[in-house]
Amino acid sequence: DLYDVGTEMALGYLTAIHDEYKSVMVEGRRRLEIVEIIQTTPYITAKARALEDSAEDSDKIKALEQALASLFEQVIELDGTLPEELSDVSHGLGDPGWLADFVVSSLFIPLEDCQRLLEIGEIGERLRYAITLLNHQLNMLELREEIDGKIRRDIADSQRDMYLREQMRVIQGELGEGDIFQEEM
């Protein structure tokens with residue numbers, strides 16, 4: 001799929017991940033909108049224009065930035081797979097649009113949602129949408145943690161019950177009594 005809005009990328013370096021796979025490090029430079037497709041074969045070439053962000057009241061933007069950064073820290077803490085350094089990087093970006101884009105691109109969020117975020121030109125709206133996406137991610141992580149905790153408790157209870165039953169059998173055997181669990185059947 002080719003979207004009208006995308007990101008200008010600067011190619012970094014190529015890394016071999018596995019014998020069959022390679023990874024290319026890229027850096028996003030700015031948001032672009034395709035103005036005209038020049039050619040499609042053997043590869044796509046297009047004219048594009050840079051998209052500028054528009055902003056509302058700076059106090060609102062600052063509050064939204066802080067809310068997004070705080071949510072991102074919570075997601076990093078709960079996720080367990082994201083490096084803590086991402087939080088430091090997000091604090092050093094200095095641009096609210098870059099923050100929204102960076103935070104969302106750091107997570108496993110569906111492409112359609114990432115694309116929708118990229119297409120939003122008004123900074124406040126973009127930050128609010130990023131916050132919505134992170135809230136969803138945080139809710140999913142909290143639910144996963146709750147389910148994992150319940151499973152661990154259930155397993156621990158089951159193991160404790162088996163251990164106590166076995167102790168009772170051993171004690172009854174020592175006392176010369178019959179197995180009360182067998183007698184009930």
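Residues numbered from 1 in each chain as written. Predicted model: local features only at pLDDT ≥ 70, side-chain atom pairs only at ≥ 80, totals over all residues. Heavy atoms only, no water.

(A) View of the sheet that holds strand 2 (residues 22–39). Ordered in space as 1-2-3, the 3 strands form an open sheet in which the pairing is antiparallel. The sheet is open, and its two borders are formed by strand 1 (5–16) and strand 3 (45–50), each paired with just one other strand. With direction set aside, neighbouring strand axes in the sheet form an average angle of 60°. Relative to strand 3, strand 2 is paired through 6 bridges, and the arrangement is antiparallel. Counted as the bridge partner of Leu32 is Ala50 from strand 3. (Pairing = 2+ DSSP bridges. Helix = DSSP H or I, 4+ residues; strand = E, 2+ residues; numbered from the N terminus. Axes fitted to C-alpha atoms, helices over the stretch in contact; angles between N-to-C directions.)

(B) View of the packing of helix 1 (residues 58–79) against helix 3 (residues 96–105). Relative to each other, helix 1 and helix 3 sit at 25°, their axes nearing to 10 Å. Overall, the two elements helix 1 and helix 3 adopt an arrangement that is roughly parallel. Every pair of crossing elements has a handedness; the one defined by helix 1 and helix 3 is left-handed. On helix 3, the residues touching Ile61, Glu65, Leu68 and Phe72 of helix 1 are Pro96, Leu99, Ala100, Phe102 and Val103. Considering only residue class, the contact of helix 1 with helix 3 consists of 8 nonpolar, no polar and 1 charged. (Parallel < 35°, antiparallel > 145°, perpendicular 65-115°, else oblique. Left-handed = near helix turned anticlockwise from the far one by under 90°. Contact = heavy atoms within 4.5 Å. Nonpolar A, V, L, I, M, F, W, Y, C, P; charged D, E, K, R; others polar.)

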